[in-house]
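Working through the structure, step by step
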Amino acid sequence: LLATSLTHAAGARAQLDAFANGLDALSGSFIQEVRDADGREVETSQGTLALKAPRQFRWAYEAPFPQLIVADGLNVWIYDEDLAQVTVRGQSLAESQSPLTVLTDLSLLDRDYTTSEPAPSDGVAWLRLESRAEEPPFRHCDLGFTGNQLVRMVLVDALGQRNEIRFGPWQRNPSLAADTFVFTPPAGVDVVGEPVDGAQSFPVQD
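Residues numbered from 1 in each chain as written. Predicted model: local features only at pLDDT ≥ 70, side-chain atom pairs only at ≥ 80, totals over all residues. Heavy atoms only, no water.

1. Let's talk about the overall build of the protein chain
The secondary structure content of the protein chain amounts to three helices and 13 strands. For the protein chain, the residues scored as buried account for 41% of the 206 residues in total. About 10800 Å² of surface is accessible on the protein chain, with carbon and sulfur atoms providing 50% of the total. (Helix = DSSP H or I, 4+ residues; strand = E, 2+ residues; numbered from the N terminus. Buried < 20%, exposed > 50% of the residue type's maximum accessible area, 1.4 Å probe, protein only. Areas by Shrake-Rupley, 256 points an atom, 1.4 Å probe, with all protein chains shown as cover.)

Printed below as a string of structure tokens:
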């Protein structure tokens, strides 16, 4: 109890600093729950993710519908397996939609967001991020910490839809495969958009 009290006393920003200290890459699992503005459940999904400084990330939704999102540093690729469709866009357009990028680059936190610390709840200390963008992609994002570990993220969009992600155990600075953050559309799928020149491409890994 004393340790928990001291952790909360340090504050969520201090816990973020401790979590991000020395962090270059990160991998783990997640469960994601989406609710509409009235609190009704829209969808629950689960999968795995990986992040690497400065701007690469990979989200792999496994259930109930497979979907892969890969940011290679230049482009964001979204592969919907059921639709047999890939959407690609320049990563700069999606950058501000990914608050987790602050975990591997804390300089983005004060540059791109204003922060505050709501009262702790459910045993979690919260750090609220509000985008400085003229047209912010979300109303606010709350990062939840306990014991200097990121355990939850709650993102509320402009329409009041709530997207909550609960993270499983993290692997810090894991040895990631060279093609973790690269993507080539599988043969036969529709591709919407054009990739930025210079991005690397490799075959999709099963």
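Resuming the write-up.
2. Quick word on the packing of aromatic side chains
Taken as a whole and judged by the stated rule, the model has nine aromatic pairs. Here Phe19 and Phe145 contribute two aromatic rings whose centre-to-centre distance is 6.4 Å and whose plane-to-plane angle is 65°, an arrangement assigned as edge-to-face. With Phe19 in helix H2 (residues 12-20) and Phe145 in strand E9 (residues 140-146), this residue pair connects regions lying 126 residues apart in the sequence. The class of Phe19 is buried, set by a relative accessible area of 1%. Aromatic ring contacts, followed pair by pair, group Phe19, Phe145, Phe167 and Trp170 into a single cluster. Stacked on the ring of Phe19, the Lys or Arg Arg172 has its end atom at 5.4 Å from the ring centre. (Phe/Tyr/Trp six-rings, centres within 6.5 Å; stacked < 30°, edge-to-face > 60°. Lys NZ or Arg CZ within 6 Å of the ring centre and 35° of its normal.)

3. Considerations on the nonpolar core
In this structure, Phe19, Trp59, Leu100, Leu103, Leu143, Leu150 and Phe167 are the most contacted members of the largest nonpolar core, which totals 34 residues. In contact with Leu100, other than residues within four places in its own chain, are Leu49, Leu51, Trp59, Leu143, Leu150, Met153 and Phe167. (Core = buried A, V, L, I, M, F, W, Y, C linked by side-chain atoms within 4.5 Å. Contact = heavy atoms within 4.5 Å.)

4. Some words on the side chain of Asn75
Inspection of the secondary structure puts Asn75 in strand E5 (residues 75-80). For Asn75, the side chain forms a polar contact with the main-chain nitrogen of Val196, separated by 2.7 Å. (Polar contact = N/O pair within 3.5 Å; in protein donor to acceptor, adjacent residues only side chain to side chain.)

5. With respect to the confidence of the model for the protein chain
Per-chain confidence: the protein chain averages 86 in pLDDT, with 89% of residues scoring 70 or above. Counting contacts from residues 1-8, a segment whose pLDDT is below 50, to residues more than four positions away or on other chains yields eight contacts. Under a pLDDT of 50 for its full length, residues 199-206 has, in the predicted model, 17 contacts with residues more than four places off or in other chains. (pLDDT = per-residue confidence, 0-100.)

6. Describing the pairing of strand E11 (residues 162-167)
Two strands pair when backbone bridges link them, and strand E1 (residues 25-35) and E11 are joined in this way by six bridges, in the antiparallel orientation. Across the sheet, Glu33 pairs through a bridge with Glu164, a residue of E11. Linking two consecutive strands that pair antiparallel, namely strand E10 (residues 149-156) and E11, is a turn of five residues; a positive phi of about 90° is found at Gly160 within it. (Pairing = 2+ DSSP bridges.)

7. Focus: the pattern of salt bridges
With the rule as written, the count across this model stands at 13 salt bridges. Across the salt bridge formed by Asp112 and Arg111, the nearest N and O atoms sit 2.7 Å from each other. Its relative accessible area of 22% is what places Asp112 among the partly exposed residues. Among the ionic pairs, Arg152 bridges to Glu164, the shortest N-O distance being 2.9 Å. On the criterion of sequence distance, the pair formed by Arg152 in strand E10 and Glu164 in strand E11 is long-range, its members being twelve residues apart. Both residues of the pair, Arg152 and Glu164, count as buried. A single network of salt bridges, built from pairs that share partners, joins Asp122, Arg152, Arg162, Glu164 and Arg166. (Salt bridge = Lys/Arg side-chain N within 4 Å of Asp/Glu carboxyl O.)

8. Re the environment of Leu16
Along the chain, Leu16 falls in helix H2. Considering only alpha carbons, one finds Leu16 and Leu106, 90 residues apart in sequence, at a separation of 8.9 Å. Among all residues touching Leu16, those that are not within four sequence positions of it are Leu103, Leu106, Leu109, Leu127 and Phe145.

9. Some remarks on the side chain of Gln91
Along the polypeptide, Gln91 turns up in the loop between strand E6 (85-90) and helix H3 (107-112). At a separation of 2.6 Å, a polar atom in the side chain of Gln91 contacts the main-chain carbonyl oxygen of Arg55.

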